[in-house]
Number of protein chains: 4
Amino acid sequence: MAGNTFGKVFRVTTWGESHGPALGAVIDGCPPGMELDLTDIQKDLDRRRPGKGGGESPRKEPDQVDILSGIFEGLTTGTPISLIIYNKDARSKAYDHLQNVFRPGHGDLTYLEKYGIRDHRGGGRASARETVARVAAGAVARKILAENDIAVTAYTIAMGEVSTTKRNMAEIAQNRLCCPDLEAAAEMEKLIEKIKKSGDSLGGIVEVKASGCPAGLGEPVFEKLDGALAQALMSIGAVKGVEIGSGFAAAGLLGSENNDALTPQGYRTNNAGGILAGISNGDDIVARVAVKPIPSIGLEQDTLNLDREPVKIKVGGRHDISAIPRIVPVCEAMVCLTLADHLLRQKTIED
Amino acid sequence: MAGNTFGKVFRVTTWGESHGPALGAVIDGCPPGMELDLTDIQKDLDRRRPGKGGGESPRKEPDQVDILSGIFEGLTTGTPISLIIYNKDARSKAYDHLQNVFRPGHGDLTYLEKYGIRDHRGGGRASARETVARVAAGAVARKILAENDIAVTAYTIAMGEVSTTKRNMAEIAQNRLCCPDLEAAAEMEKLIEKIKKSGDSLGGIVEVKASGCPAGLGEPVFEKLDGALAQALMSIGAVKGVEIGSGFAAAGLLGSENNDALTPQGYRTNNAGGILAGISNGDDIVARVAVKPIPSIGLEQDTLNLDREPVKIKVGGRHDISAIPRIVPVCEAMVCLTLADHLLRQKTIED
Amino acid sequence: MAGNTFGKVFRVTTWGESHGPALGAVIDGCPPGMELDLTDIQKDLDRRRPGKGGGESPRKEPDQVDILSGIFEGLTTGTPISLIIYNKDARSKAYDHLQNVFRPGHGDLTYLEKYGIRDHRGGGRASARETVARVAAGAVARKILAENDIAVTAYTIAMGEVSTTKRNMAEIAQNRLCCPDLEAAAEMEKLIEKIKKSGDSLGGIVEVKASGCPAGLGEPVFEKLDGALAQALMSIGAVKGVEIGSGFAAAGLLGSENNDALTPQGYRTNNAGGILAGISNGDDIVARVAVKPIPSIGLEQDTLNLDREPVKIKVGGRHDISAIPRIVPVCEAMVCLTLADHLLRQKTIED
Amino acid sequence: MAGNTFGKVFRVTTWGESHGPALGAVIDGCPPGMELDLTDIQKDLDRRRPGKGGGESPRKEPDQVDILSGIFEGLTTGTPISLIIYNKDARSKAYDHLQNVFRPGHGDLTYLEKYGIRDHRGGGRASARETVARVAAGAVARKILAENDIAVTAYTIAMGEVSTTKRNMAEIAQNRLCCPDLEAAAEMEKLIEKIKKSGDSLGGIVEVKASGCPAGLGEPVFEKLDGALAQALMSIGAVKGVEIGSGFAAAGLLGSENNDALTPQGYRTNNAGGILAGISNGDDIVARVAVKPIPSIGLEQDTLNLDREPVKIKVGGRHDISAIPRIVPVCEAMVCLTLADHLLRQKTIED
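These notes cover the structure that comes with them. Keep in mind that what you see is a predicted model, and the values were worked out from it rather than measured.

**A word on the overall build of chain A**
Part 1 of the argument: When helices and strands are counted, chain A shows seven helices and 18 strands.
Part 2 of the argument: The C-alpha atoms of chain A give a radius of gyration of 21 Å, which matches the 20 Å a tight globule of 351 residues would have.
Part 3 of the argument: In terms of principal-axis extent, the alpha carbons of chain A reach across some 65 × 50 × 40 Å.
Part 4 of the argument: Buried positions account for 68% of the 351 residues belonging to chain A.
Part 5 of the argument: By element, 50% of the accessible surface of chain A is carried by carbon and sulfur atoms, the whole surface being about 10700 Å².
Part 6 of the argument: For chain A, the separation between the mean place of its 41 positive charges and that of its 46 negative charges on side chains is 5 Å.

Given below as C-alpha cells:
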C-alpha cells in the first residue's frame, strides 16, 4: 500500500522520477479564495535548484513550475491544484553503467527487493530530484502559513566536523550554505573544498524553526505535532535523525533543567521546542535533522552486481558533495506541509 | 481532526484516560485465523506495569486485559479486536490541587489551549497511562511478527549521565532497567537513588532493534519505514528525538565511512540501521529514542495558575523518577505496530 | 484491509459480534465542550431495541450503553469517546444447528470465503445486532447536528406490496412501523400478520429526510454528499438500493421536469433531494433505501452444508419478520454520522 | 476536507477543470511489474469521447492521454502513475453569459456556496469533463482486473420511457447507445431525435456487470462491496440512484422469493447481485444506476442571477441531450476502480 500522499486535510500527492518526462504534485484541500501565482512557488524552487555552487551537481534544471488546475483568476478555488515541473536535463545515458550494480548507501537494491523492478536511471523515484515536488507543494503550504503569520526557516548548523551554536538569522541569506554564522560558513566551505578533492562526501545538521505558530496544533495521541514533524522530516531521503527542542540532549538533563517554567511573559526556556504533549504551545517550534553524507562518492567501494557477485564501484554521474544546502528548502517544505495540515485540522474542533 | 488511530492496514484506535473507568484499543485489520489469547497480551502489559521498583510510581494497577471481540474459539476472525483494561487504582482526589495550575513540562496548558477543556485528573488522555493500550495492541502485532520470525527488543543504553556501548542482549532481562550491560545498570540504579532523594527526575536513551525483518518494507516517498518509525516513536509522550542507524553521528561522518558496503555475506556495516531509501534492507532495524526526564518533580517550580498568575508548584501524586524502564515495552509496542502494518501493506503488491 | 471505521473527521470505529460479550463504538473527532450524557444515546438505542412488536425477534436485550471515555463533568473533551453495550441475552446454543450449514441470503458462506473462518453464532459480525453500535455513535452525531439545527428523521413508506405517498410526519410516532400514514401502517400490520403465519418475511422502503442542513456540505468529486450517503446507507446489511431525490424516477423524466427552478423563495421543487453536484443546496436532503426481506425464514430452503453438499434448511432462532421498523433508527444513524462528518469537514475551508 | 481521491490501496487522485489547460489522474498503489501502455488507456477514453453522435456535444476533444511517470520499459514500477489529458477545444467565451447566473440542475450555486468562489467556465470542476480522468485511471484498474480474469461491462437498459429486459451482450457494441437490445436502441434513438428537437433532455438507466470476480471482496461493516460500489457510482455527476441485484424490487419480494438458494452448481438465482453481507459471493456483480436528464436544456427556465434576482435562462453551449451513452464507460471505470482496490485490499489478509 503505497505512500506518496502526505497530510490529511492539506493533502499532497507527488509523482515523478529523476529521468522521466516530469515530476509533479497534486494538492487537495487547499482552502479556496487564496491568492496564488507561479512566483510564489518558483521562489522556493529556485532555492533548491541544482548547480548553485562549488560542491554541487552540474545537472542544469530550470525547474520551471506550471499550475495546471485549481486556480481561477489568480485565486485558489478549493479544487485540486496540479503542479508540474518538466525534466529538461535528464541524461539517462550517464546511468547505463549503473544498470547492473547496486550503489552502496542508495536504494538501488531495496527498491528492487520491494518492487521486483527498478528504474535505475538516476535513482528513479528514489532520487533526491523527487523533492522538487515537495518544495513546490510546500510553497503553497507556506502561503497558508503566511496568512496566519507563521514563518518557517531552516538553516545549516553543522557540516561534517564544523558546527556552530550561533543563530544570527540575518546571516543565513548571506552565504550559500544557509548558515546563521558567516564564520562557520567559511569553515564549512573550506571543508567542502577539501572533501571534494578527496572524492568523498559530507553530512551535517539542519535546524528548522517555525515562529508564530499558535498554540493548539497537533493531534494526540498518535498524530502529535512532534510525531508528524518527525515523519515529515525523516521521509526526506538523506535524513537519519530528528529531534525536537532539547532533543537527544534531554536524555542527559534533569527534570528541573529540562522543564520550561511558565511565566506571565511566556515560557522561560524552550527545551520543549514549542511542543508539549504533542501540541504546539505557542513558542517557536524547533526541530533538528541529521543529514547523512551523500552516498554517491568518487572513491572505490565494494558492492554487488545484479548477480549478487562482488564488484568494485566508483559512482560517476553529476552529484553533489553534500545534501546541504539543497536540503534546506526541502526541510522547510516538509515543515510547512505539516503545519498547514495541522492548522486546517485544528479548524474542525473550533467554533 | 483527531489522531487516535495508528496504522493503515493493521489499524489501532486507542481510547481512555488516566482516571476514567477504563482504557482500551480496537484493532482493525488483524489477519484472521491467528491464535491469540490473553496471556499473549498480558505478558507485555506486565512488563510496563507500575510499581516494579525503587524509582517508580506507587500507583498499583493490575492492568488485566480483556478481549471483547474478534476472537472465536481462540482464533482471530478478521473482525475488530476490542481490548479493554479497567482502571482500578485511580485516585482522582490526589489531583484536586492541580485543578487550577499548569504543571511545567506537561500538556496541561496545551490541552486546554487546544480543546478549551481538560480533564486534569492525572493528565487525562495525556497521561503515560495511555500507553497501556498501545502495549496491549502491540502485543497482538508482535504475534504477527513472530509468525514471520521478526523479533523486536528494546533496551536502555543511557540514563542521565550514565551510558553504555555494550550490547549484551542476555543481560537485558537480568536487570529491571532493561540495560544490556549489568555494570552500567548498577551505575544507573545508583544515579536513580541519588536523583530520587533530590526530588528531581532523569531522562535517558532507549534503543530498539528488530531482527528478522525482510527486505522490502516501507512506502516511499512519505511513508518510508524510517519516517513511520519516527512518527511511531515520537508519538510516545516522553520522546524528544529519534534516530535510525548511525543517526546524528552520520552528520559527522564521510560518505566513505557511512556507506555500508555490500558483500555476498550481506552489508559489511549497518550505519543504515536496516533501512535504505525508506525501505528495509533485511539487516537489523536499529532505532534510538531520546527520553526526556519526567516533568513531575518534587522540587519547587515556577508556573501559572488558571488565571495566568505566577505561582509556585511542587508536583505531588504518585510518579516515576524516570520514564525508563517502563517506556521500554512501549517503544517495542510502537515498533511492533509499525512493522506489522508495513508487513501487511507490502502484501498488496506481492503475488 | 478492514473497513470498520466510518467518517474522516467525525470518525467512528465499531466492534463486536452478535454473541460476544459486548459491542461498542469508539468515536474520534467529536468536538470538545459539547454536553453529552447517557440519555442522549439511550433514547436512540431504545428505538431499535428488539422485542417491540408482533413481527419481531423475541431476543430480549436491554441495550444499556456505557460511556467509558471522552467525557469530563458532562462535557466532551475532544478525546475518543468509547461506548459499550453488553450482550445479555445471547443464547449461542440456538445456533449450534447452523454450524455446518450456510443460510441462504446470509453472509455465512461469504464470511467463510473471505476470512477462512467464521463465528457462526447468530451471524457473528454480520448480524444486524452490529447496528447497535452504529445507533449509539449516531446519537452522538445527532447531538452535533442538533446544535446546528439539523434534524434527521426516517420513516417507512413501503412494506411488501403496501406503500404510501403520504408524508404526515406527525403520524410517524403514532405507529410502531414509523409510517407517516396511519392507514398504510394498519395495512402493513395486516400484511405482517399474514406473512408471519406463512413463515415468510418482508422487505420495504425507508425514506430519510434531513432538514436544516446548510448549503455547502459534500466533497467533490469522489466524496460527494450523495455518494457518502449512498455508501453509508448501503453499508446497512439489509439495504439493496439507495436513491436521492427523484432517484430512479429521474431516469424517466425530461430535463425540464427534473430540474429544480431557482426562485427568490428557494428551489421550486426538490427533485435534487437537496444535493446538487454532490453538495448540499440548503433544501431538505431526501434519500430512500430499498430494504430486502429478512433472509431468515421458517420455510424450507435449498442450501449447502460445510462439505458443499445439498441440504434442506429451516432457519430457527429468534428472528424478525422484517428489518423494518428496527432499521429506521439505523438509517437515521448512518445519515447523522455522514452529515456530522461533512459538517466538520466543511470547517476546514471556512474562515 | 477535500475528496478528490478514490480508493485505499489502489488509490486515484484526479484533478482538472473543464476549461483549464489539462485534466489528469495520479494512481498510487498500482502493483509493479504490470505491462501498461497508452493504447490500454486510450481505448477507454475513446469510448467516452464527445462528438460521437446525434444527441451529443459538438465539443471536439481528442482526449489523448500521456503517461508521465510510474512506467519503466513498458512495465509499472510500483511508483505513482501520472496520467494527463490536455484540453484542446475549451472555448471559455461560450460561457461568458453564464457568469452571472446559476443554471438549474447544475452545481453553479452549490459550488459558490461551498467554496465562496467558482470557475464558471463550463462548470469548472463540476463538469462531466472531469470524468475523463476517471476513465483513464479506470483503464489501469481494468488491466489489473483482466489479469485476474475479471471483466466489467456497462450498458444502457433504459432511456427516458424506453426500457428493455433483454440482455444480449453481443448487441451492446452494435449500437452507439450501448444497449444490449438493438430494437430498444432504435426506439431510444427515435426518442433522442424527438427530444432534441424539443430542446429538452433525457435520463435513463445503466446496468454494470462484473463477471469473474472471486468471492471474498468487500470490507465489513462500513466498506462493504455494495457500499463501496454505491459511493463510486453515486459520485458520478448525473447519477441519482444505485441498486444492487434485485435492488428496489427486493422491497416488494418475500424472503422466499428474494433469497438465492445455494446449490452444488452455484447460486440458483442472483437477487443478491453477487454480494452477500457486503462480500462478493463469486456470482456476477450486478449494479444499476439511475441517470438524471442533462440539466442543460434549450428551453427557457426560471433561475436566479448572482444578485439572487429572478431571471430567465436558456442554456446554450455545446451540450449532450443525455449523459447516456457517454456515461457508460464512466460507470465501468468506477466499478473497475472499486474492484481493483478491493482485490488488492483482500491480499492483506491472505497468506
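**Here we look at the side chain of A:Thr79**
Part 1 of the argument: Along the chain, A:Thr79 turns up in the loop between strand E6 (75-76) and strand E7 (81-86).
Part 2 of the argument: Exposure remark for A:Thr79: the relative accessible area of 6% places this residue in the buried category.
Part 3 of the argument: Of note is the side chain of A:Thr79, whose polar atom sits 3.0 Å from the side chain of D:Glu17.
Part 4 of the argument: Not counting chain neighbours up to four residues away, the residues in contact with A:Thr79 comprise A:Ile27, A:Gly70, D:Glu17 and D:Arg125.

**Quick notes on the interface of chain C and chain B**
How big an interface is tends to be stated in terms of the accessible area lost upon association of its parts.
Part 1 of the argument: Of the residues lining the interface, 41 residues belong to chain C; the matching set on chain B comes to 41 residues.
Part 2 of the argument: Both sides of the chain C and chain B interface together cover about 3200 Å² of buried area, and 65% of this is carbon and sulfur.
Part 3 of the argument: Three residues, C:Leu68, C:Phe72 and C:Ile117, lead the burial of chain C against chain B; their summed loss comes to 19% of the area buried on that side.
Part 4 of the argument: Where chain C touches chain B, the interface holds zero salt bridges.
Part 5 of the argument: The tally of links between chain C and chain B comes to nine residue pairs in polar contact (both at pLDDT 80 or more).
Part 6 of the argument: Broken down by element, the side of chain C that touches chain B gets its largest block of residues, five residues, from strand E2 (residues 11-16) of chain C.
Part 7 of the argument: Grouping the amino acids of the side of chain C that touches chain B by side-chain chemistry returns 17 nonpolar, 16 polar and eight charged.

**What to know about the interface of chain C and chain D**
Part 1 of the argument: Taken together, the contacts link 105 residues of chain C with 105 residues of chain D.
Part 2 of the argument: Summing both sides of the interface, chain C and chain D together bury roughly 7800 Å²; the carbon and sulfur share of this comes to 60%.
Part 3 of the argument: On the surface where chain C and chain D come into contact, there are four salt bridges.
Part 4 of the argument: The partner of D:Lys114 in a salt bridge is C:Glu219, with the nearest N and O atoms 3.1 Å apart.
Part 5 of the argument: Partitioning the side of chain C that touches chain D into residue classes produces 52 nonpolar, 33 polar and 20 charged.
Part 6 of the argument: Where strand E11 (residues 239-244) of chain C meets strand E11 (residues 239-244) of chain D, three bridges bridge the pair, whose relative direction is antiparallel. Residue pairing across strands places C:Gly241 opposite D:Glu243, the latter belonging to E11(D).

**Topic: the sheet that holds E2(C)**
All names here are of chain C.
Part 1 of the argument: On the basis of which strands lie adjacent, the open sheet formed by five strands has the order E1-E2-E3-E7-E4 and antiparallel pairing. Edge strands, defined here as strands with exactly one partner in the open sheet, are strand E1 (5-6) and strand E4 (65-67).
Part 2 of the argument: Alignment of E1 against E2, held across two bridges, turns out to be antiparallel. From the neighbouring strand, Phe6 faces E2, where its bridge partner is Val12.
Part 3 of the argument: In this fold helix H1 (residues 38-47) packs onto E4 and strand E7 (81-86), with an angle of close to 150° to the strand it touches most, E4.

Reading the values: rules and limits
Residues numbered from 1 in each chain as written. Chains lettered and ligands numbered in written order. Predicted model: local features only at pLDDT ≥ 70, side-chain atom pairs only at ≥ 80, totals over all residues. Heavy atoms only, no water. Helix = DSSP H or I, 4+ residues; strand = E, 2+ residues; numbered from the N terminus. Rg over C-alpha atoms; globule rule 2.2 N^0.38 Å. Buried < 20%, exposed > 50% of the residue type's maximum accessible area, 1.4 Å probe, protein only. Areas by Shrake-Rupley, 256 points an atom, 1.4 Å probe, with all protein chains shown as cover. Lys, Arg positive; Asp, Glu negative; His and termini not counted. Charge placed at Lys NZ, Arg CZ, Asp CG, Glu CD. Polar contact = N/O pair within 3.5 Å; in protein donor to acceptor, adjacent residues only side chain to side chain. Contact = heavy atoms within 4.5 Å. Buried area = accessible area lost by both parts, 1.4 Å probe. Salt bridge = Lys/Arg side-chain N within 4 Å of Asp/Glu carboxyl O. Nonpolar A, V, L, I, M, F, W, Y, C, P; charged D, E, K, R; others polar. Pairing = 2+ DSSP bridges. Axes fitted to C-alpha atoms, helices over the stretch in contact; angles between N-to-C directions.

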